[in-house]
Amino acid sequence: FKVSMTYVSIADRLAMLKNKKLKSRNPLEDIHPVVEAAEIVRLRKHIVSNVHVSDAALEYIVNLVSATHPGEDMFNSVVAKCGAAGTNYRSILVGGSPRAEQCLETGAQVRAYHRGRDHVRPEDVQFVAHSVLRHRLLLDRKAKAAKIAPDSLIDLAVQHVPFHEKLNAYARQS
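Residues numbered from 1 in each chain as written. Predicted model: local features only at pLDDT ≥ 70, side-chain atom pairs only at ≥ 80, totals over all residues. Heavy atoms only, no water.

J.: Would you explain the environment of Gly83 in this entry?
T.: Along the polypeptide, Gly83 turns up in the loop between α5 (73-82) and α6 (86-89). Sequence separation between Gly83 and Gln109 is 26 residues; the distance between their C-alpha atoms is 33 Å. (Helix = DSSP H or I, 4+ residues; strand = E, 2+ residues; numbered from the N terminus.)

J.: What should I look at first to understand the packing of aromatic side chains in this one?
T.: The way to describe two aromatic rings as a pair is by their centre distance and the angle between their planes. A complete count under the given rule lists one aromatic pair for this structure. A centroid spacing of 5.5 Å and a plane angle of 85° characterise the contact between Tyr60 and Phe163, whose relative ring orientation is edge-to-face. Note that Tyr60 is positioned in helix α4 (residues 55-66) and Phe163 in the loop between α10 (150-160) and α11 (165-173), a separation of 103 residues in sequence. The ring of Phe127 has Arg111 sitting right over it, with the charged end atom 4.2 Å from the ring centre. (Phe/Tyr/Trp six-rings, centres within 6.5 Å; stacked < 30°, edge-to-face > 60°. Lys NZ or Arg CZ within 6 Å of the ring centre and 35° of its normal.)

J.: Whenever I open this one, α4 confuses me. Can you help?
T.: An α-helical segment advances 3.6 residues per turn. Residues three or four places apart therefore align on the same side. Its 12 residues give α4 an end-to-end C-alpha distance of 16 Å, which sits within 8% of 16 Å, the value for a rise of 1.5 Å per residue. Those residues of α4 not exposed but buried are Ala56, Ala57, Tyr60, Ile61, Asn63, Leu64, Val65 and Ser66. (Expected span 1.5 Å × (residues − 1). Buried < 20%, exposed > 50% of the residue type's maximum accessible area, 1.4 Å probe, protein only.)

J.: Help me understand the packing of helix α7 (residues 98-114) against helix α8 (residues 122-133), please; the structure alone is not making it clear to me.
T.: Packed helices, taken two at a time, are described by the angle their axes make and the gap between the axes. Orientation of α7 relative to α8, taken along the N-to-C sense of each, is 130°, at an axis distance of 8 Å. By the criterion of interaxial angle, the relationship of α7 to α8 is oblique. Handedness of the α7/α8 crossing: right-handed. Contacts between α7 and α8 involve Ala100, Cys103, Leu104, Gly107, Ala108, Arg111 and Ala112 from the former and Glu123, Asp124, Val125, Phe127, Val128, Ala129, Val132 and Leu133 from the latter. Residues belonging to the contact of α7 with α8 are distributed by class as follows: 11 nonpolar, one polar and three charged. (Axes fitted to C-alpha atoms, helices over the stretch in contact; angles between N-to-C directions. Parallel < 35°, antiparallel > 145°, perpendicular 65-115°, else oblique. Left-handed = near helix turned anticlockwise from the far one by under 90°. Contact = heavy atoms within 4.5 Å. Nonpolar A, V, L, I, M, F, W, Y, C, P; charged D, E, K, R; others polar.)

J.: Help me out: how do you make sense of a nonpolar patch on the surface in this one?
T.: The grouping of Ile10, Leu14 and Leu17 at the surface amounts to a nonpolar patch, some 320 Å² of accessible area in total. Note on placement: Leu14 falls in helix α1 (residues 10-18). Here Leu14 falls in the partly exposed class, since its relative accessible area comes to 44%. (Patch = residues over 30% accessible without salt bridge, like charges linked within 9 Å, V, L, I, M, F, W, Y side chains within 5 Å. Areas by Shrake-Rupley, 256 points an atom, 1.4 Å probe, with all protein chains shown as cover. Salt bridge = Lys/Arg side-chain N within 4 Å of Asp/Glu carboxyl O.)

Structure follows, in structure tokens:
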């Protein structure tokens with residue numbers, strides 16, 4: 001996963017510099033664990049075992065990652081549906097791997113769990129797609145020069161890769 005973070009505001013950075021308490025103490029003294037490693041392992045096993053990922057959801061995950069593979073049918077389908085933005089989408093040289101698919105599945109399970117559900121919906125996959133895929137896309141030099149962000153290309157994939165009607169119906173039921 002790659003989570004994007006922005007810089008702290010100028011006002012907050014100035015406040016930190018002016019804060020005398022920050023300068024006079026060891027910041028490591030204030031760090032306390034909020035959860036033990038064993039609890040994380042237990043929770044991970046619980047989520048993976050108890051949050052269902054249907055075959056339709058797995059197919060959606062594979063199709064979403066396939067949409068980042070130049071030359072594959074799903075990639076070409078997204079390009080065709082994007083219109084003018086398809087030119088930018090063609091700047092993807094290398095897309096997600098099977099590990100990306102595994103991370104999308106697990107990330108979607110965690111999101112579903114946090115939403116109080118025992119099954120994955122399309123929006124769970126879509127929610128984690130940027131964090132999972134943004135560092136896995138290799139773009140051509142023109143895209144880098146034009147400052148085309150991987151997130152904008154992931155947006156196009158999420159927007160244009162359909163999910164199976166069974167998954168859509170399952171999402172509406174719950």
